[in-house]
Amino acid sequence: MIVYDNRATEGFKADWGFSALVELEDELILFDTGASPEVLKENLELAEVAPEEIDVVFISHNHWDHTGGLPFILERNREVELFVPESSCSYFEELLPETAVCVPVSEPVKISERALSTGVLPTGMDNPKEEQALIVGTPSGYLLLVGCAHPGIVEIAKKAVSLVGEELFLIVGGFHLYNSPKEETEKVAEELLNLTRFVAPCHCTGDVGIEVFRRTFGDRFIEVKAGVEIPLEEDVNV
Ligand SMILES: [Fe+2]
Ligand SMILES: [Fe+2]
């Protein structure tokens with residue numbers, strides 16, 4: 001379920017940032033935490049998820065709109081396991097209570113039975129230098145969750161495909177195209193057509209970018225915003 005996004009379904013708060021809950025059989029993973037602890041708190045309450053239930057927090061990259069809600073989780077859950085890009089680890093270790101565990105990620109690594117980090121990819125920026133994405137194995141296929149996709153959404157998707165050895169089922173998250181010319185976004189969308197069956201761009205993909213994907217992917221485009229749940233036990237209805 002998307003719990004934090006620039007757009008929201010009725011009742012949920014919309015705010016610039018991204019966070020999604022991955023509910024596995026025996027594990028609850030929070031992917032990124034949005035920008036504001038208050039908004040994250042409100043949206044998690046609406047989703048009927050208590051922060052105490054979260055086993056793992058996966059941080060894609062150290063940008064405020066993905067890490068800002070973390071204090072709310074740590075306040076209520078002092079035993080969480082935090083997976084962060086290695087170069088940002090010292091920053092997060094200072095925030096964590098002693099009972100929580102900070103796991104630095106560089107190479108692809110298993111987060112749990114069904115979840116895998118792509119390992120970090122260079123962002124081409126000084127701050128943060130690295131970003132990771134999360135691959136989740138579902139009965140429908142592989143899901144790829146991305147934060148801002150600063151390394152490039154095509155690069156991340158290619159890395160994920162090389163790790164799992166097959167086309168992805170769905171990519172969800174911010175594709176960071178809100179500043180890109182439309183023609184460039186169209187090229188990106190065309191390339192992704194061969195890497196994933198479904199696509200659910202949101203956050204920093206931008207309104208124009210989202211429309212480009214809607215057109216390029218047709219019935220393989222899924223509209224998401226805060227409050228939207230994507231069931232992965234069955235084929236995604238679009
Ligand atoms: Fe972002
Ligand atoms: Fe970012």
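Residues numbered from 1 in each chain as written. Chains lettered and ligands numbered in written order. Predicted model: local features only at pLDDT ≥ 70, side-chain atom pairs only at ≥ 80, totals over all residues.

Focus: the overall build of the chain
And step 1. Secondary structure summary: the chain contains seven helices and 14 strands in total.
And step 2. In terms of overall size, the chain behaves like a compact globule, its C-alpha atoms giving a radius of gyration of 16 Å where 238 residues would be expected to give roughly 18 Å.
And step 3. Reported as C-alpha extents along the three principal axes, the dimensions of the chain are approximately 45 × 40 × 35 Å.
And step 4. The proportion of buried residues among the 238 residues of the chain is 49%. (Helix = DSSP H or I, 4+ residues; strand = E, 2+ residues; numbered from the N terminus. Rg over C-alpha atoms; globule rule 2.2 N^0.38 Å. Buried ≥ 20, exposed ≤ 12 C-beta atoms within 10 Å, placed from the backbone.)

Some remarks on the sheet that holds strand β1 (residues 2-4)
And step 1. As summarised here, the arrangement of the six strands in space is β1-β2-β3-β4-β5-β6, forming an open sheet in which the pairing is mixed. This sheet does not close on itself; its edge strands, each paired only once, are β1 and β6 (101-105). The mean angle between the axes of side-by-side strands here comes to 25°, regardless of whether they run parallel or antiparallel.
And step 2. Bridging between strand β2 (residues 19-24) and strand β3 (residues 27-31) involves five bridges; their strand directions are antiparallel. Opposite V22, over in β3, you have I29 as the bridge partner. (Pairing = 2+ DSSP bridges. Axes fitted to C-alpha atoms, helices over the stretch in contact; angles between N-to-C directions.)

Overview of the sheet that holds strand β7 (residues 109-112)
And step 1. The strand order β7-β8-β11-β12-β13-β14 describes an open sheet built from six strands, whose pairing is mixed. Only two strands of the sheet have a single neighbouring strand rather than two, namely β7 and β14 (196-202). Direction aside, the axes of adjacent strands within the sheet are offset by 20° on average.
And step 2. Both β7 and strand β8 (residues 115-117) contribute to a ladder of three bridges, which runs antiparallel. Bridge pairing links K110 to L116 in β8.
And step 3. Sheet strands in contact with helix α5 (residues 153-164) are β8, β11 (134-138), β12 (141-146), β13 (168-174) and β14, and its direction is about 145° off that of β12. (Contact = placed C-beta atoms within 7 Å.)

Let's talk about the environment of V84
And step 1. Secondary-structure assignment places V84 in strand β5 (residues 81-85).
And step 2. Along the primary structure V84 and D32 are separated by 52 residues, whereas in three dimensions their C-alpha atoms are 9.9 Å apart.
And step 3. Those residues in contact with V84 that sit more than four places away from it in its chain are I59, C89, F92, C102, P104 and V105.

Examining helix α1 (residues 37-46)
And step 1. For α1, the complete set of buried residues consists of V39, L40, N43 and L44. When α1 is viewed along its axis, its buried side chains cluster within an angular range of 125° and face the same direction.
And step 2. E48 occupies a position one or two residues after α1 and carries a positive phi of about 60°. (Arc of directions from axis to C-beta.)

Digging into helix α7 (residues 207-217)
And step 1. Buried residues of α7: G209, I210, V212, F213 and F217, and no others. Buried positions in α7, seen along its axis, are confined to an arc of 160° and lie on one side of it. Turned more than 90 degrees away from the buried face of α7, the exposed residues are D207 and R215.
And step 2. On its buried face, α7 sits against α6 (182-193) and β14.
And step 3. Positive phi shows up at G218, right after α7, with a value of about 55°.

Side note on unusual backbone geometry
And step 1. The omega torsion across N127 and P128 is -10°, close enough to zero to call that bond cis.
And step 2. Along the chain, P128 turns up in the loop between β9 (121-122) and β10 (130-131).
And step 3. With a phi angle near 50°, H176 is a residue other than glycine that sits in the positive phi range.
And step 4. Summarising the element assignment, H176 is placed in the loop between β13 and α6.
And step 5. Despite not being glycine, H203 has its phi angle at roughly 45°, a positive value.

Points about the packing of α6 against α7
And step 1. Two numbers describe how α6 lies on α7: the axes approach to 9 Å, and their chain directions differ by 40°. Here α6 is positioned oblique relative to α7, judged by the angle of their axes. Considering the relative orientation of α6 and α7, their crossing is right-handed. Contact residues: K182, T185, E186, A189, E190 and L193 in α6; V208, G209, V212, F213 and T216 in α7.
And step 2. Grouping the constituent residues of the contact of α6 with α7 by class yields five nonpolar, three polar and three charged. (Parallel < 35°, antiparallel > 145°, perpendicular 65-115°, else oblique. Left-handed = near helix turned anticlockwise from the far one by under 90°. Nonpolar A, V, L, I, M, F, W, Y, C, P; charged D, E, K, R; others polar.)

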